[in-house]
Amino acid sequence: MYTGLKHLHSGLAYLALAALAIIFIYALIGALSNKVFTEKDRKIALIGFILAHVQLLVGLILYFVSPLGFALLKGGGAMSDSAARLTAVEHPLINIVAIVLITIGYSRAKKLTESRAKFRSIYMMYAVGLLLILSRIPWTSWLG
């Protein structure tokens, strides 16, 4: 089960990151070109919202079944080792904050009335969320 979850979390990350980047660019173009925010635009933003939340859910499950997640905190010494601290504390905490920001951006866009403000809410919050996620990816273990 652990191996399957690990592969799912890693593979889904590519899809979620690509979706967030594409949606950011799409919303930025929509805001700059004064395009009308339609139901199609909301659904496009919803794709990134859903992928980010599914990634979070898989990550949280993996965090509690993995020997590298919560178990590192219980064992002690995780805070003195930078790689262990990234895995046990920084990666999950910062990514939860990123998903909260993405959620705020999407929810705010649904409530706003002006099209440009809707696009702005999406591109700003999705961009900050994406940057936070990219800053806490364990690149050495993910790519190598």
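Everything here concerns the structure above.
So, here is what we can say about the structure in this document. Here the structure is a predicted model, which is why all the values come from computation and not from measurement. (Residues numbered from 1 in each chain as written. Predicted model: local features only at pLDDT ≥ 70, side-chain atom pairs only at ≥ 80, totals over all residues. Heavy atoms only, no water.)

1. Considering the overall build of the chain
Then, in step 1: The helix and strand inventory of the chain stands at six helices and zero strands.
Then, in step 2: When the helices and strands of the chain are listed from N to C terminus, the series reads α-α-α-α-α-α.
Then, in step 3: Seen through its principal axes, the chain has C-alpha atoms that stretch 55 × 30 × 25 Å.
Then, in step 4: Out of the 144 residues belonging to the chain, those deemed buried represent 38%.
Then, in step 5: Taken as a whole, the chain presents about 8,100 Å² of accessible surface, with 72% of it coming from carbon and sulfur.
Then, in step 6: Positive and negative side-chain charges in the chain, numbering 14 and 5 respectively, have mean positions lying 4 Å apart. (Helix = DSSP H or I, 4+ residues; strand = E, 2+ residues; numbered from the N terminus. Buried < 20%, exposed > 50% of the residue type's maximum accessible area, 1.4 Å probe, protein only. Areas by Shrake-Rupley, 256 points an atom, 1.4 Å probe, with all protein chains shown as cover. Lys, Arg positive; Asp, Glu negative; His and termini not counted. Charge placed at Lys NZ, Arg CZ, Asp CG, Glu CD.)

2. Quick word on helix 4 (residues 82-111)
Then, in step 1: With 30 residues, helix 4 should cover 44 Å at 1.5 Å per step; its first-to-last C-alpha distance of 41 Å lies within 8% of that length.
Then, in step 2: Its maximal kink placed at glutamate 90, helix 4 deviates by approximately 40°, while the proline proline 92 follows within four residues.
Then, in step 3: Three or more residues of helix 4 are buried, namely Ala84, Leu86, Ala88, His91, Pro92, Asn95, Ala98, Ile99, Ile102, Gly105, Tyr106 and Ala109.
Then, in step 4: The secondary structure elements touched by the buried residues of helix 4 are helix 1 (2-32), helix 2 (39-65), helix 3 (70-75) and helix 5 (115-135). (Expected span 1.5 Å × (residues − 1). Bend = angle between axes of the 7 residues up to and from the residue. Contact = heavy atoms within 4.5 Å.)

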